[in-house]
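If you want the building blocks of each chain, they are given just below.
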Amino acid sequence: MTSSLSSSDLPDAEALYGELAGGVKQLLASAPGPVLLAGITSGGAWLAERLQRDLGQPGAAGVISSSMHRDDFAQRGLAASAQTVLPFDVNGAHVLLIDDVLYTGRTLRAVINELFDYGRPASVRLAVLVDRGGRELPIEANLCAARLNVPANRSLELARDDSGRLSFVLKDKEA
């Protein structure tokens, strides 16, 4: 693992978005039916919203939160970020979850529980901008724009400026 990872080593989030968009476009074309996009708050929701628009998908992308099903809910409580809004029927749907950074898999476990609170999808797939490794659960992305080794004591976050441009921020984790 690279312990000297710095902000200058981070990939270009906009370039990775282009790769992700191309992969999602292929996935949509090969799907057995319509695929509904749902972004995981907050970075994944930004990506899903942009993919929905850029790929000409009808309607609005869903937003899904892990807050209510997190295994650390007692410590964190409800996140200040957006809560779940799924503007489509989940029952029988092919759902593509979109996230910015895949790490331990715990957020995805919570998100899948949240999704099933809204119905029983026909299939659920996952597309991520970056897989940073460090999995604690057997969860893997169907589509990943990049793999990046990030030390366990650092967090990798997607940021979006006022014009919608994406970038990565590398932060030290709080003890």
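Novice: An account of the packing of aromatic side chains is requested, with residue identities and associated values reported.
Specialist: Under the definition given, this model contains zero aromatic pairs. A cation sits over an aromatic face here: Arg-50 above Tyr-17, 4.0 Å from the ring centre. Positioned above the aromatic ring of Tyr-103 is the side chain of Arg-132, whose terminal nitrogen or guanidinium carbon lies 3.7 Å from the ring centre.

Novice: Account for a nonpolar patch on the surface, naming residues and giving values.
Specialist: On the surface, Ile-112, Phe-116 and Val-124 cluster together to form a nonpolar patch covering roughly 220 Å² of accessible area. Relative to the helices and strands, Ile-112 is located in helix α4 (residues 106-117). Look at Ile-112 and you get partly exposed, because its relative accessible area is 30%.

Novice: Lay out helix α1 (residues 13-30) in plain terms, naming residues and giving numbers.
Specialist: With 18 residues, α1 should cover 26 Å at 1.5 Å per step; its first-to-last C-alpha distance of 26 Å lies within 8% of that length. Of the positions making up α1, those classed as buried are Ala-13, Glu-14, Leu-16, Tyr-17, Leu-20, Ala-21, Gly-23, Val-24, Leu-27 and Leu-28. The backbone nitrogen of Glu-14 lies 2.9 Å from a side-chain oxygen of the residue at the head of α1, namely Asp-12.

Novice: Would you mind going over the side chain of Asp-99 in detail, with residue names and values included?
Specialist: Structurally, Asp-99 is set in strand β3 (residues 94-102). Discounting chain neighbours no more than four positions away, the residues touching Asp-99 are Ile-40, Gly-44, Leu-47, Leu-108, Leu-126, Ala-127, Val-128 and Leu-129.

Novice: A description of unusual backbone geometry should follow, citing residues and the corresponding values.
Specialist: A cis amide bond links Thr-41 with the next residue in sequence, Ser-42, at an omega value of -10°. Topologically, Ser-42 is positioned in the loop between β1 (35-40) and α2 (43-54).

The rules behind the values
- Residues numbered from 1 in each chain as written.
- Predicted model: local features only at pLDDT ≥ 70, side-chain atom pairs only at ≥ 80, totals over all residues.
- Heavy atoms only, no water.
- Phe/Tyr/Trp six-rings, centres within 6.5 Å; stacked < 30°, edge-to-face > 60°.
- Lys NZ or Arg CZ within 6 Å of the ring centre and 35° of its normal.
- Patch = residues over 30% accessible without salt bridge, like charges linked within 9 Å, V, L, I, M, F, W, Y side chains within 5 Å.
- Areas by Shrake-Rupley, 256 points an atom, 1.4 Å probe, with all protein chains shown as cover.
- Salt bridge = Lys/Arg side-chain N within 4 Å of Asp/Glu carboxyl O.
- Helix = DSSP H or I, 4+ residues; strand = E, 2+ residues; numbered from the N terminus.
- Buried < 20%, exposed > 50% of the residue type's maximum accessible area, 1.4 Å probe, protein only.
- Expected span 1.5 Å × (residues − 1).
- Polar contact = N/O pair within 3.5 Å; in protein donor to acceptor, adjacent residues only side chain to side chain.
- Contact = heavy atoms within 4.5 Å.

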